[in-house]
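# Coordinates in review
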Amino acid sequence: FGHEHAGSVRADHMERPTTSSRSLELFVSALNAQGASAALGYLNAGVPHRFSAIYRLFDDRFQNVLLLDKQGEPTPAFLDAIPFEVSFCQFVLGDGFFSTDDSAADRRLDGHPYQGVMNSYCGVPIAGDLIGTLCHFDLMPQSVLKEEFGLLQKAGHALPGFVQKVKRFAVARS
């Protein structure tokens, strides 16, 4: 997969495919042939969300490993490392998934500092021992079709090897 790490990937000009043409096999094919950036782009092409990302759990924070921004902007600093206690990712690891179409109206998030800021979020765990999360999110309210959510869950099971390589790479760089 190379040494892909935190960074922004441009995904403009991607047409949103129909759900019937999307599969785990195509995700894995993109992952193996073109790397995690292409695979994340494949997932993001099926949802309206601006961002798709892989976050790795390190001690007390979720560290961005890879971020795709449909607008092609550099990764915003506030998305680079998120303290565990204020992340939406914490709910993924606690409950096995977390999704909100409109965080401002979601009573489960009352009092959360990102409620109404990060307005939509859909995340699943990356299979393994609390490795991290795979998620789509946006500053605007957005929803995810159940087929796309199912694909996201399956993709989360295909990513542990990539995320483990990132951990070894990060340790080697320090």
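Residues numbered from 1 in each chain as written. Predicted model: local features only at pLDDT ≥ 70, side-chain atom pairs only at ≥ 80, totals over all residues. Heavy atoms only, no water.

## Quick look at the overall build of the protein chain
Assigned secondary structure in the protein chain consists of five helices and seven strands. Tracing the protein chain from N to C terminus, the helices and strands come up as β-α-α-β-β-β-α-β-β-β-α-α. Buried residues in the protein chain amount to 48% of all 174 residues. Residue pairs at least 24 apart in sequence account for 60% of intrachain contacts in the protein chain once pairs closer than 6 positions are excluded. (Helix = DSSP H or I, 4+ residues; strand = E, 2+ residues; numbered from the N terminus. Buried < 20%, exposed > 50% of the residue type's maximum accessible area, 1.4 Å probe, protein only. Contact = heavy atoms within 4.5 Å.)

## Focus on empty space enclosed by the protein
Counted by the stated rule, this structure contains one cavity of 30 Å³ or more. Size it by volume and the largest cavity reaches roughly 140 Å³. In terms of lining residues, the largest cavity is bounded by 13 residues, among which L79, I82, F88, M118 and Y121 are the most central. Of the residues that constitute the lining of the largest cavity, the class distribution is twelve nonpolar, one polar and no charged. (1 Å grid on protein atoms, 1.4 Å probe; cavity = no way out; pocket = protein on both sides within 12 Å on 5 of 7 lines; lining within 4 Å. Points joined across faces, edges and corners; volume = space filled by probe spheres on them. Nonpolar A, V, L, I, M, F, W, Y, C, P; charged D, E, K, R; others polar.)

## Focus: the nonpolar core
F27, L43, I54, L134 and L159 are the most contacted members of the largest nonpolar core, which has 24 residues in total. At the level of elements, α1 (24–34), α2 (36–44), β3 (61–69), β6 (120–126) and α4 (146–158) are the ones that each hand at least two residues to this core. Residues in contact with L43, not counting those within four places in the same chain, are R22, F27, L134, H136, E148, L151, L152 and A155. Core analysis: the second largest hydrophobic core is formed by 19 residues, F62, C89, L93 and F137 among them. (Core = buried A, V, L, I, M, F, W, Y, C linked by side-chain atoms within 4.5 Å.)

## Looking at the confidence of the model for the protein chain
Considering every residue of the protein chain, the mean pLDDT works out to 83; 79% of them sit at 70 or more. Confidence scores differ between elements of the protein chain, with strand β1 (residues 8–10) showing the lowest mean pLDDT of 35 and strand β5 (residues 98–100) the highest of 97. Confidence drops under a pLDDT of 50 for residues 1–19, and excluding neighbours within four residues, the segment shows 57 contacts in the predicted structure. A low-confidence stretch, residues 167–174 (pLDDT under 50), is modelled with five contacts involving residues beyond four sequence positions or located in other chains. (pLDDT = per-residue confidence, 0-100.)

## Brief notes about α2
Among the nine residues of α2, seven are classified as buried, and the element is accordingly described as predominantly covered. The set of residues buried in α2 consists of A36, A39, L40, G41, Y42, L43 and N44.

## Some details on the packing of aromatic side chains
In the structure shown here, the tally under the stated rule is eight aromatic pairs. Centre to centre, the rings of F51 and F137 are 5.2 Å apart; their planes meet at 20°, and the pair counts as stacked. Here the residue F51 occupies a position in strand β2 (residues 51–58), and F137 occupies one in strand β7 (residues 132–138), the gap between them amounting to 86 residues. We note that F51, like F137, is buried. Here the aromatic rings of F98 and Y121 are separated by 6.1 Å at their centres, their planes lie at 40°, and the arrangement is tilted. Remark: Y121 occurs in strand β6 and F98 occurs in strand β5; sequence separation between them is 23 residues. In this pair, the class of F98 matches that of Y121, namely buried. Through pairs of rings, three or more aromatic residues link up here, namely F88, F91, F98 and Y121. Over the ring of Y42 we find R22, and its NZ or CZ is 4.4 Å from the ring centre. The cationic tip of R56 hangs over the ring face of F58; the distance from NZ or CZ to the ring centre is 5.4 Å. (Phe/Tyr/Trp six-rings, centres within 6.5 Å; stacked < 30°, edge-to-face > 60°. Lys NZ or Arg CZ within 6 Å of the ring centre and 35° of its normal.)

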